[in-house]
Amino acid sequence: MDEKELSLVEHFKSFFQVLPADSVRLREQVFRIRYDVYCREFGYEKEEDCPGGMERDDYDDQSVHCLIVHRPSGQGAGCIRVVPPSLDGGTAAQIPMEQFCGHSLNHPELHPELLPRDNLAEVSRLAVHTQFRRRKGESESPIGIAIAETITEEQRRTFPLLGLALFCAGTCLMGAMQREHAFVMMERRLARMLQSSGFPFVQVGEPMEYHGPRAAYHVTVQAVLDSMRPDIRELHNFVHESLMN
């Protein structure tokens, strides 16, 4: 890692705190970020369906949540959740993409139905608050990663760290839950940019319209840990220490 990359991670650590959202107060901050991003900004969900200015759904109670807080202001800056399938049966036994996008899943080996229920989960509801997505192109994505058809080395070096920290948090939460197989719905361009940073997602579903054009992807926790670029690993280590301590 060169000095510039190290300084970026150190800069992130000085301005942002990564927390497990395991209290009512912290979860409310998560739900308010989601409301501002998914309802007010992008219109993915209806504001009238989110009383109190908080966006939540039936999967939140069975999920593990992470919140990133801006240290100087105390404002919630970003959030992510990991949704394991409930082992109680019924609809809750499915991860969200099976319920809403199941018809698009087509991988012969990595379909959720072919994997042990107690070893998979879905990473979802990634969001970076609007105030922290100010640079050119970042407003196109709820997680604040400017996406482009072509990927330059400069773009790879300057990935917004909040978005990457959230993906690192998802990896950490999956590991803590002892879940190896992670599924996520995202844009294909975003997947390609994440792959360049050491998140080797494999597309497992046909593209479809779901909060914009999306496709289902799969990755294992071990594959991420084995493939991370050194600069991202430093960020991952900070996120892991923050969530596990």
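To start, this report covers the structure provided alongside it. Note that the coordinates shown come from a computational prediction; the quantities given were computed from them, not determined experimentally.

1. Some details on the overall build of the protein chain
Within the protein chain one finds 8 helices and 8 strands. Here the protein chain holds 245 residues, and 53% of them are scored as buried. Looking at the protein chain alone, contacts between residues at least 24 apart form 71% of all its contacts between residues at least 6 apart. Here the protein chain has roughly 11,300 Å² of accessible surface; of this, 48% comes from carbon and sulfur atoms.

2. Some points on the pairing of strand E4 (residues 120–128)
In terms of residue burial, E4 counts as a mostly covered element, since 9 of its 9 residues are buried. Note that strand E3 (residues 76–83) and E4 share 5 bridges and pair antiparallel. By the bridge assignment, Val83 is partnered in E4 with Glu122. Here 3 bridges tie E4 to strand E5 (residues 181–186), and the two strands are oriented parallel to one another. Bridge pairing in E5 links Ala121 to Ala182.

3. Describing the packing of aromatic side chains
Under the counting rule described, the total for this entry stands at 8 aromatic pairs. Aromatic pair Phe201 and Tyr217: ring centres 6.5 Å apart, planes at 85°, arrangement edge-to-face. Pair noted here: Phe201 is in the loop between helix H6 (188–195) and strand E6 (202–203) and Tyr217 is in strand E8 (residues 213–220), with a separation of 16 residues, a long-range link. Of the two residues, Phe201 and Tyr217, both sit in the buried class. One Lys or Arg, Arg125, reaches over the ring of Tyr38 and ends 5.5 Å from the middle of that ring.

Reading the values: rules and limits
- Residues numbered from 1 in each chain as written.
- Predicted model: local features only at pLDDT ≥ 70, side-chain atom pairs only at ≥ 80, totals over all residues.
- Heavy atoms only, no water.
- Helix = DSSP H or I, 4+ residues; strand = E, 2+ residues; numbered from the N terminus.
- Buried < 20%, exposed > 50% of the residue type's maximum accessible area, 1.4 Å probe, protein only.
- Contact = heavy atoms within 4.5 Å.
- Areas by Shrake-Rupley, 256 points an atom, 1.4 Å probe, with all protein chains shown as cover.
- Pairing = 2+ DSSP bridges.
- Phe/Tyr/Trp six-rings, centres within 6.5 Å; stacked < 30°, edge-to-face > 60°.
- Lys NZ or Arg CZ within 6 Å of the ring centre and 35° of its normal.

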